[in-house]
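Remarks on the overall topology
Residues per chain, in single letters:
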Amino acid sequence: MSVWIVALAALITAVATGIGAVPFFFVREMPRRWLGLSNALAAGLMLGASISLIREGIAFNLVRTLVGAAVGVVLIIAARAALGEREELAVGRLEGADALEALMIVGIMTVHSFAEGVGVGVSYGGGGDLGNLITAAIAIHNIPEGLAISLVLVPRGVPAWRAGLWSIVSSLPQPIMAIPAFLFVTLFEPLLPAGLGFAAGAMIYMVATELVPEARKDATDLTVAGVTLVAAVAMIIFEAVL
Ligand SMILES: [Zn+2]
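Residues numbered from 1 in each chain as written. Predicted model: local features only at pLDDT ≥ 70, side-chain atom pairs only at ≥ 80, totals over all residues. Heavy atoms only, no water.

1. Points about a nonpolar patch on the surface
Filter applied, for reference: What makes a patch is a set of residues exposed beyond 30% relative accessible area and free of salt bridges, joined within 9 Å when like-charged and within 5 Å when nonpolar (Val, Leu, Ile, Met, Phe, Trp, Tyr). All accessible areas in this document rest on Shrake-Rupley with a 1.4 Å probe, and a residue is counted as covered only by the protein chains that are shown. Just to be clear on terms, a salt bridge is a Lys or Arg side-chain nitrogen sitting within 4 Å of an Asp or Glu carboxyl oxygen. Helix and strand labels come from DSSP, where a helix needs a run of H or I of at least four residues and a strand needs a run of E of at least two; each type is numbered from the N terminus. The classification of residues rests on relative accessible area computed with a 1.4 Å probe and restricted to protein chains. Under 20% of the type maximum is buried, over 50% is exposed, and intermediate values are partly exposed.
A contiguous nonpolar patch, built from Ile19, Val22, Phe25, Phe26, Val27, Trp161 and Leu165 and spanning about 750 Å² of accessible area, is present on the exposed surface. Looking at the element boundaries, phenylalanine 26 is found in the loop between helix H1 (3–19) and helix H2 (32–60). Note on phenylalanine 26: relative accessible area 71%, which makes it exposed.

Structure, rendered in structure tokens:
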């Protein structure tokens, strides 16, 4: 597995985020319900992908996978705490509450895609098939995330193409993180299960604390539960078929 394939895969997942802005070339506003459904779909795909990562990790080493998952959760909590402080500083340079909300969503998405970049990188460390599967899951899941970003930006007067660009920017940590993560787990192979666990732990934590609560704001609990479950199961079946 070459590092270039990993770089390309992670770049594809980043660009996929921009696809979420495409509907806004045709409409300026969208029913909020779509945002709820999008977030639920993204949550389900991420959950399914995380389960695949954990299964792969456990096949190598159970304890290291679990330790990695715990470290992943702790690191996301720490990153969020750090971002919370920095956000207030950055917001000073922008005007108005709308800018604040826009920046919040881009900022949160960026921490989030950091973990997803690690997910792409470490999954290629586990082999090409696992890498392709996780890349596909993250790329597809990024589309509703780009939609969520555009849904905030476009009604505030940001042109669709710029909303698309912001969406891609929010996912740029993916190619940036994927390469070192891949090199790390291939150079220090005993740490591969820890890396797989790390990405899965971080992503499951984000599903629980970010994507699902976001989805519940704009869709009924039953819809959120149904869409998340179906997407996660579809992802697991997709893996079994491959
Ligand atoms: Zn995501």
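2. Focus: the packing of helix H5 (residues 128–153) against helix H6 (residues 160–170)
Stated formally: The angle between two axes is taken between their N-to-C directions and runs from 0 to 180 degrees, where each axis is a line fitted to C-alpha atoms and a helix contributes only its stretch in contact. Note that the term roughly parallel is reserved for angles under 35 degrees, roughly antiparallel for angles over 145, roughly perpendicular for angles of 65 to 115, and oblique for everything else. The sense of a crossing depends on the near helix, which, turned anticlockwise from the far helix by less than a right angle, makes the crossing left-handed and, turned clockwise, makes it right-handed. Every residue pair with non-hydrogen atoms within 4.5 Å of one another is taken to be in contact. Residue polarity follows a fixed list, in which Ala, Val, Leu, Ile, Met, Phe, Trp, Tyr, Cys and Pro are nonpolar, Asp, Glu, Lys and Arg are charged, and the others, Gly among them, are polar.
At a closest axis distance of 9 Å, the pairing of H5 and H6 adopts a crossing angle of 135 degrees. In terms of axis orientation, H5 runs oblique to H6. The chirality of how H5 crosses H6 is right-handed. In this structure, H5 uses Gly146, Ile149, Ser150 and Leu153 to contact H6, whose residues at the interface are Ala163, Trp166, Ser167 and Ser170. Among the residues forming the contact of H5 with H6, the class breakdown is four nonpolar, four polar and no charged.

3. Re helix H9 (residues 221–241)
Convention followed: Multiply 1.5 Å by the residue count of a helix minus one, and that product is the helix's expected span. Arc definition: it is the arc formed by the directions from the helix axis to the C-beta atoms.
Between its first and last C-alpha atoms H9 spans 30 Å; for 21 residues at 1.5 Å apiece the expected length is 30 Å, and the two agree. Turning to H9, its buried residues number three or more, namely Val224, Thr228, Ala231, Ala232, Met235 and Glu239. One side of H9 holds all its buried residues, which, seen down the axis, span an arc of 95 degrees. Exposed residues on H9 whose side chains face more than 90 degrees from its buried face are Leu222, Leu229, Val230, Ala240 and Val241. The elements touched by buried residues of H9 are H2, H5 and helix H8 (192–218).

4. Re the side chain of threonine 135
The criterion, for reference: Polar contact criterion, stated in full: a pair of N or O atoms within 3.5 Å, where within protein one must be able to donate a hydrogen and the other to accept it, and residues adjacent in sequence count only if both atoms are side-chain atoms.
Note on placement: threonine 135 falls in helix H5. There is a polar contact of 3.4 Å between the side chain of threonine 135 and the side chain of tyrosine 124. Only 2.7 Å separates the side chain of threonine 135 from the backbone oxygen of glycine 131, close enough to count as a polar contact. Once residues lying within four places of it in the same chain are set aside, the contact partners of threonine 135 are Ala9, Thr13, Val120 and Tyr124.

5. Notes on the pattern of salt bridges
Scanning the model with the defined rule gives two salt bridges in all. Where glutamate 214 meets lysine 217, a salt bridge forms, and the shortest distance between an N and an O atom there is 2.8 Å. Residue glutamate 214 and its partner lysine 217 are both found in helix H8; the two are separated by three residues, about one turn of the helix. The exposure class of glutamate 214 is partly exposed, given its relative accessible area of 31%. Judged by its relative accessible area of 60%, lysine 217 falls in the exposed class. For arginine 216, the salt bridge goes to aspartate 221, with nearest N and O atoms at 2.8 Å.

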